[in-house]
Amino acid sequence: MASSSLELKWEWPAGRTSDMAALVKVQSIKPASKGFFGILASPSMANALPEATDVSFVFDAQGAHNAGQVATIRLPGVEARKLEVGAWAAIGLLESGRVCACVQAAPKVSVEELRHWIAGWKCPADSN
Amino acid sequence: MALNVVFAGGDRVGLIVRGKSSHEDDPSVFAQHADCILSTGAPVGFFGTGNTGSSGGGSSGSGASSRSSANSSNSSGMGMTGVVYDQAGLARNRANYVDAAVAKATKTVSTVLLVQVSAAEAALFDGAWLDMTKDPGSFQLLGWNCSTHASQAFRKAGILSAGIPGLDTPNNLYKQLCVEKQGKVSVASGYVGFSSFGSGYMLIVEPVTP
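Residues numbered from 1 in each chain as written. Chains lettered and ligands numbered in written order. Predicted model: local features only at pLDDT ≥ 70, side-chain atom pairs only at ≥ 80, totals over all residues. Heavy atoms only, no water.

### Observations regarding the packing of aromatic side chains
The geometry of two aromatic rings is summed up by the distance between their centres and the angle between their planes. Residue and element names in this part refer to chain B. To be explicit about the condition: Between 30 and 60 degrees the pair is tilted, below 30 it is stacked and above 60 it is edge-to-face, where a pair is any two Phe, Tyr or Trp rings, Trp via its six-membered ring, whose centres lie within 6.5 Å. The criterion for a charge sitting over a ring is simple: Lys NZ or Arg CZ within 6 Å of the ring centre, and within 35 degrees of the ring normal.
The full count for this structure, using the stated rule, is six aromatic pairs over all chains. Lying across the ring of Phe-7, Arg-12 places its NZ or CZ 5.5 Å from the centre. Lys-20 extends its terminal NZ or CZ atom over the ring of Tyr-174, reaching a point 4.4 Å from the ring centre.

### Concerning the layout of surface pockets
As a reminder of what qualifies: Throughout, the protein atoms alone are placed on a 1 Å grid, and a set of points is a cavity if a 1.4 Å probe fits but cannot get out or a pocket if it is open with protein on both sides within 12 Å along at least five of seven lines; lining residues have an atom within 4 Å of a point. Grid points are joined across faces, edges and corners, and a volume is the space filled by probe spheres set on the points. Runs of H or I in DSSP of at least four residues are treated as helices and runs of E of at least two as strands, each being numbered from the N terminus. Gly counts as polar in this scheme, as do all residues outside two lists: the nonpolar Ala, Val, Leu, Ile, Met, Phe, Trp, Tyr, Cys and Pro, and the charged Asp, Glu, Lys and Arg.
Taken as a whole, the largest pocket encloses approximately 630 Å³ of empty space. For the largest pocket, the lining is made up of 35 residues, of which Ala-41, Leu-49, Pro-50, Glu-51 and Ala-52 of chain A are closest to its centre. Put simply, the parts of the chain that give the lining of the largest pocket at least two residues each are β4 (43-49) and α2 (95-98) of chain B. The residue makeup of the lining of the largest pocket, split by class, is 15 nonpolar, 13 polar and seven charged.

### Focus: the nonpolar core
This is how the line gets drawn: Each nonpolar core is a collection of buried residues, namely Ala, Val, Leu, Ile, Met, Phe, Trp, Tyr and Cys, held together in the definition by side-chain atoms within 4.5 Å. With a 1.4 Å probe rolled over the protein chains alone, any residue whose accessible area is under 20% of its type maximum counts as buried; one over 50% counts as exposed, and the rest are partly exposed. Whether two residues are in contact is decided by their heavy atoms: any pair within 4.5 Å suffices.
With 56 residues, the main nonpolar core has Leu-15, Phe-125, Trp-129, Phe-154, Ile-159, Leu-177 and Leu-203 of chain B as its most contacted residues. The greatest single-element share of this core, amounting to five residues, is contributed by helix α4 (residues 119-134) of chain B. In contact with Phe-154 of chain B, not counting residues within four places along its chain, are Val-13, Gly-14, Leu-15, Cys-36, Phe-125, Ile-159, Leu-160, Leu-173 and Leu-177 of chain B. Judged by nonpolar contacts, the second largest core, of 23 residues, contains Trp-10, Ala-22, Val-55 and Leu-93 of chain A.

### Here's the deal with the packing of α4 of chain B against helix α5 (residues 146-156) of chain B
Residues and elements named next belong to chain B. Note the threshold: Between N-to-C directions, angles cover 0 to 180 degrees, with each direction set by a line fitted to C-alpha atoms, over the stretch in contact for helices. For classification purposes, angles smaller than 35 degrees are called roughly parallel, those larger than 145 roughly antiparallel, those between 65 and 115 roughly perpendicular, and all remaining angles oblique. Each crossing is labelled by how the near helix is turned from the far one, with a counterclockwise turn of less than a right angle marking it left-handed and a clockwise turn marking it right-handed.
Closest axis-to-axis distance for the α4/α5 pair is 8 Å, and the angle between their directions is 140 degrees. Classified by the angle their axes make, α4 and α5 are oblique. Two packed elements cross with a definite hand, and for α4 against α5 that hand is right-handed. Mapping the contact onto sequence places Leu-124, Phe-125, Ala-128, Trp-129 and Met-132 in α4 and His-149, Ala-150, Gln-152, Ala-153, Phe-154 and Lys-156 in α5. Of the residues contributing to the contact of α4 with α5, the split by class is eight nonpolar, two polar and one charged.

### Re the environment of Asn-171 of chain B
In this fold, Asn-171 of chain B is placed in helix α6 (residues 170-180). Setting aside residues up to four positions removed in sequence, Asn-171 of chain B forms contacts with Val-17, Lys-20, Asp-25, Asp-26, Pro-27 and Gln-32 of chain B.

This is a description of form; function is not addressed.
Next comes the structure, spelled out in structure tokens:
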């Protein structure tokens, strides 16, 4: 297992198709810091997101991408609310895995079944 | 009922005040942001980037232009690097600003001020934003921000005669345009989106319903 945390960036798909899908287990979900006087949440900051929420997770130890790697990402609140601490989720990645463009809660089935499920999973937007 | 505006004649441009729910609304300073609408209907906006301790850096790929470096640690909103997001950059980094469905899901309400201009003013306005895209320069949350740069475009185009009265905020720029361009402006508030239409874009403003 890698020791340092991987930092991913959220972007909306904007017509792009995700390069890869990964199964992850959510470790924590918490509101992002707004900084001094709320400056970091100012919508004029390039990285600001609506209801910014910090999520940490670990990639499936038997997955094809970043196996066992701990990662963090700042998500829009509307996306973070799809996730649950301690539960599995699917994420769609772009740009060599640096950018996350979609998240979805995984079905409540065994991890073995999820590993089959993720193999055929696509971002909901990619399925349209 | 949604308002749809097709930009075809190069005879109007716009200011969008994010976080402003109506013509009368006066949002707090750090709750507002200014974007503009070019004469083609394309949205464009100026943002600040740097190491603010949040995930990731500036935009990836195309759709954004920023002068590199100067990404020193920053939590004050001062001494940052400017970045201009065009339609593509906004779609990736601020889908809630260009997709009415995402705006609705994230409760992102904006007020759009459309301004009738001459063809020459429209061309100069578009050109001013093109220049800023090529060289965005720096960003400071107070005094050299999104509204300052939007104001510069309106002034370079000859649409406005002077800088923003008072603090450089999107809403103060909005008020200035309403006064100076009285009779040549129209307003719509709600969830804002843009879609390709012909060689330009169509602006969509969906009303906020309880």
